[in-house]
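# Breakdown of the fold
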Amino acid sequence: MSLRRQCYEWRNISDGIKPSFLNGYPVNSVGDVNTTGFLANQPVDIFIGDIGNNIDIPGQLKAYQYIVLDSVAVFPPTLHAQIYVGTTKYFQDPDNVPSRDGGLDGFAIPFPNGATWTNSAGSNINLINTVFADGLKPALIIQPGQVWGVEVTSSVDVPTISNTATEQQIQKCFVKYLLIDGGDSIVAKRLLDAGWPLTVENVWKYKQDILKTHIYAGLAPLPTEVVKAKRKV
Amino acid sequence: MAIRKQIYTWELQGDGGDGTDTTYYPRGGQSHSILYGDFGAVQAGKQTGLVKEDQFVVIEKIACTPGISANSYLVQGVAPNVNLVKWLPNMFVNIVIDTTNYYQDPQNVYGVGVSGTASSYPKEIEALPYYELWPPVYVLPHQTVDIRYTLYNDITLSAGAGVWNTIPTTTMLAAVYVEYTLYDGSDAMMAQKLMQLGIPITVGTVENYRRLLLENKGLETDTFNHYLKLMESERKREEKEMKTQGVARYMHYSSED
């Protein structure tokens, strides 16, 4: 399983005791759905931001892993998502400063695609992802050893809700990526070196070419120096 | 019927009771199989998903019931006949092959899978496709595949809140959808051959391979021609060697010699 489609979903749901929940999701029930609030314009790391579900360490790739990050989405529309790799932010303003809003908002990249949102006038709107409907083009490639993550920033204050949080009050962020590891990461490196886009199809094609070359190599005549070498026996 | 598109669904309906039966409803945070688990509509014999030696399985889609907040339920009726008619399970679904989980989190350890919010079933008009399982997952002969779900909204705990009296048998609380292509018999062998050659296994590639075999051309003519050319040069080299060593017979000499 060296080419795998992976995803990670963050919500600001807590267990009602601590602001964050490590390595999984808290169990909820009717009358026991708690969310952790955060201030407007305060970036929150969805992996290690101490709010909502978190993991122990930041996303860091091993020596034999590549990630092709091709999609990110948020809800509600007031939430923004910014991808970072090392110290570099992906989305920036026209003056080349990292996006002051905190990246793309939930109007542009709603989660899920087609999510129902009730606006301030009380109307239900189905939000459609038309900007990155097919994901980031070109996709963001994260290389071995690099640290990566996603920060969310709300343009309004997000309140802490004890027990009564409903579907539309939950802040969400979804990241989808292709994980290339093991032998396929070597193929990925060769493709990158040659300037090819890192896609499932290209990895497959490269592997086919390698296998075909090996079939030919098995059938090929010996090199001249070997053929003409003096016999030992 | 050697190549068949298969769909397997699992559903958990209400039991007609109040929802407190822990033998009928899975507890929150625990993972269970849709094939042989203790809850919902699993296979009657509770068999594991062992792929036989003459089969090859390609899993193409998995999805489950969307929704996160346990507070966004819907009830109908007046006490003492309040029925739960809509429930958001806050569920995730994962593929397990032998002992390996398909989904892992960014710190490279076990992940619970993909949520129903990202990959929803049943599809609703406003829910457009977002998550796609691409590339598909191959399950090889003699491997065991399992699809496991985890609910994070606990039904029995929620029943304790007393907001409904009954969960009718017509209320679907959670569901999982799996779509896969089953190759069996000779098509499974072709699928394995294609996999060894690094060619993606789709209905199209397997059918193409079968056509090529029937035309007796092998996989593709380039390899065949290359092989012929090499055999020819090898034959000439052997003849030359035999002549050099003085062991050639009259049949090895032509008019050109």
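The preceding data block contains the structure.
The structure presented is a predicted model; accordingly, all values stated were derived computationally and were not measured.

### What about the packing of helix H2 (residues 186–196) of chain B against helix H3 (residues 203–214) of chain B?
All names here are of chain B.
- It is at 10 Å that the axes of H2 and H3 come closest, and there the two elements cross at 100°. In terms of their interaxial angle, H2 and H3 are classed as roughly perpendicular. Every residue of H3 that contacts H2 at Asp187, Met190, Ala191, Lys193 and Leu194 is listed here: Thr205, Val206, Tyr209, Arg210 and Leu213.
- When the residues that make up the contact of H2 with H3 are grouped by side-chain class, the tally is six nonpolar, one polar and three charged.

### Thoughts on empty space enclosed by the protein
- Scanning all chains against the criterion turns up one cavity of 30 Å³ or more.
- Lining of the largest cavity is provided by Leu61, Gln65, Ile67, Trp148, Tyr177 and Leu179 of chain A together with Gln104, Asp105, Pro106 and Asn108 of chain B.
- If you list the elements that add at least two residues to the lining of the largest cavity, you get strand E8 (65–75) and strand E16 (172–181) of chain A.
- Residue composition of the lining of the largest cavity, by class: six nonpolar, three polar and one charged.

### Remarks on a nonpolar patch on the surface
Residue and element names in this part refer to chain A.
- Together, Leu222, Val226 and Val227 line one region of the surface with nonpolar side chains, adding up to about 270 Å² of accessible area.
- Counting through the fold element by element, Val227 comes out in helix H3 (residues 224–227).
- On the basis of relative accessibility, which here comes to 42%, the residue Val227 falls in the partly exposed class.

### So, the interface of chain A and chain B
- Taken together, the 65 residues of chain A in the interface contact 60 residues of chain B.
- Between chain A and chain B, the buried area comes to about 4,900 Å², and carbon and sulfur atoms account for 61% of it.
- At the junction of chain A with chain B, the criterion picks out zero salt bridges.
- Joining chain A to chain B, the criterion identifies 26 residue pairs in polar contact (both at pLDDT 80 or more).
- Only strand E1 (3–11), strand E7 (59–60), E8, E16 and helix H2 (200–219) of chain A provide two or more residues apiece to the side of chain A that touches chain B.
- Counting residues per element, the side of chain A that touches chain B draws most heavily on H2 of chain A, which supplies nine residues.
- Classifying every residue of the side of chain A that touches chain B gives 35 nonpolar, 18 polar and 12 charged.

### What to know about the sheet that holds E16 of chain A
All names here are of chain A.
- An order of E1-E16-E8-E14 is seen for the four strands of this open sheet, with the pairing classed as antiparallel. Each end of this open sheet is capped by a strand with a single partner; those strands are E1 and strand E14 (140–142). When the angles between neighbouring strand axes are averaged without regard to direction, this sheet yields 30°.
- Across 10 bridges, the pairing between E8 and E16 is antiparallel. Bridging across to E16, Ala73 finds its partner in Phe174.

Thresholds applied
- Residues numbered from 1 in each chain as written.
- Chains lettered and ligands numbered in written order.
- Predicted model: local features only at pLDDT ≥ 70, side-chain atom pairs only at ≥ 80, totals over all residues.
- Heavy atoms only, no water.
- Axes fitted to C-alpha atoms, helices over the stretch in contact; angles between N-to-C directions.
- Helix = DSSP H or I, 4+ residues; strand = E, 2+ residues; numbered from the N terminus.
- Parallel < 35°, antiparallel > 145°, perpendicular 65-115°, else oblique.
- Contact = heavy atoms within 4.5 Å.
- Nonpolar A, V, L, I, M, F, W, Y, C, P; charged D, E, K, R; others polar.
- 1 Å grid on protein atoms, 1.4 Å probe; cavity = no way out; pocket = protein on both sides within 12 Å on 5 of 7 lines; lining within 4 Å.
- Points joined across faces, edges and corners; volume = space filled by probe spheres on them.
- Patch = residues over 30% accessible without salt bridge, like charges linked within 9 Å, V, L, I, M, F, W, Y side chains within 5 Å.
- Areas by Shrake-Rupley, 256 points an atom, 1.4 Å probe, with all protein chains shown as cover.
- Salt bridge = Lys/Arg side-chain N within 4 Å of Asp/Glu carboxyl O.
- Buried < 20%, exposed > 50% of the residue type's maximum accessible area, 1.4 Å probe, protein only.
- Buried area = accessible area lost by both parts, 1.4 Å probe.
- Polar contact = N/O pair within 3.5 Å; in protein donor to acceptor, adjacent residues only side chain to side chain.
- Pairing = 2+ DSSP bridges.

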